[in-house]
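# Breakdown of the fold
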Amino acid sequence: VQLQASGGGLVQAGGSLRLSCAASGLTFSMYMMGWFRQAPGKEREFVAGITRSGGTTGYADSVKGRFTISRDNAKNTVYLQMNSLKPEDTAVYYCAARHDSVRLVYRSAGNYGYWGQGTLVTVSS
């Protein structure tokens, strides 16, 4: 299984970025997908998640209303659209996968078995 995250970069506060995570080596439509982030000196935290059909999504309170997670099962890709970025959004962003059919989103990193390498998002003030 490989998860390849991309789309990070440097952006000014108030700007937008779209992260992508391309999956291979798995039947993508059978996996719940999540985005997590880790800022320097902090623990990895949940950002957003989406069930395998895309029917249910979940967000951390800190990003609700600004970030949108989506997936394209035909392209084996999950996305994170990030708008109104703030300096506190600066972190390495990771995508993660969990083989599950439940209609809820898991928010703990320990629930996900596969991880990508991360992509750095830096938001300047």
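Quick caveat, the model's predicted, so the values are computed rather than measured. (Residues numbered from 1 in each chain as written. Predicted model: local features only at pLDDT ≥ 70, side-chain atom pairs only at ≥ 80, totals over all residues. Heavy atoms only, no water.)

## Some details on the packing of aromatic side chains
Here the distance between the centres and the angle between the planes together describe a pair of aromatic rings. The condition that has to hold: Two rings from Phe, Tyr or Trp (for Trp, the six-membered ring) form a pair when their centres are within 6.5 Å of each other. A pair whose planes differ by under 30 degrees is stacked, one over 60 is edge-to-face, and the rest are tilted. The way it works is that DSSP assigns letters per residue, a run of H or I at least four long becomes a helix, a run of E at least two long becomes a strand, and they are numbered from the N terminus. The buried label applies to any residue whose accessible area, calculated with a 1.4 Å probe on protein chains only, is under 20% of its type's maximum; exposed applies above 50%, and partly exposed to all values in between. The criterion is that NZ of a Lys, or CZ of an Arg, lies within 6 Å of the ring centre and within 35 degrees of the ring normal, and then a charge sits over that ring.
Throughout the structure, instances matching the rule amount to five aromatic pairs. The interplanar angle of 75° and the centroid separation of 5.7 Å between the aromatic rings of Phe36 and Phe46 together place this pair among those described as edge-to-face. You can see Phe36 sitting in strand β4 (residues 31-38) and its partner Phe46 sitting in strand β5 (residues 45-50), a full ten residues away along the chain. Assessed through its relative accessible area of 0%, Phe36 is described here as buried. On the numbers, 6.5 Å between centres and 65° between planes, the contact of Tyr112 with Trp115 is edge-to-face. By relative accessible area, Trp115 is classed as partly exposed at 28%. Pairwise contacts between aromatic rings join Phe36, Phe46, Tyr112 and Trp115 into one cluster. Its end group placed over the ring of Tyr94, Arg44 keeps NZ or CZ at 3.8 Å from the ring centre. A cation sits over an aromatic face here: Arg71 above Phe28, 4.3 Å from the ring centre.

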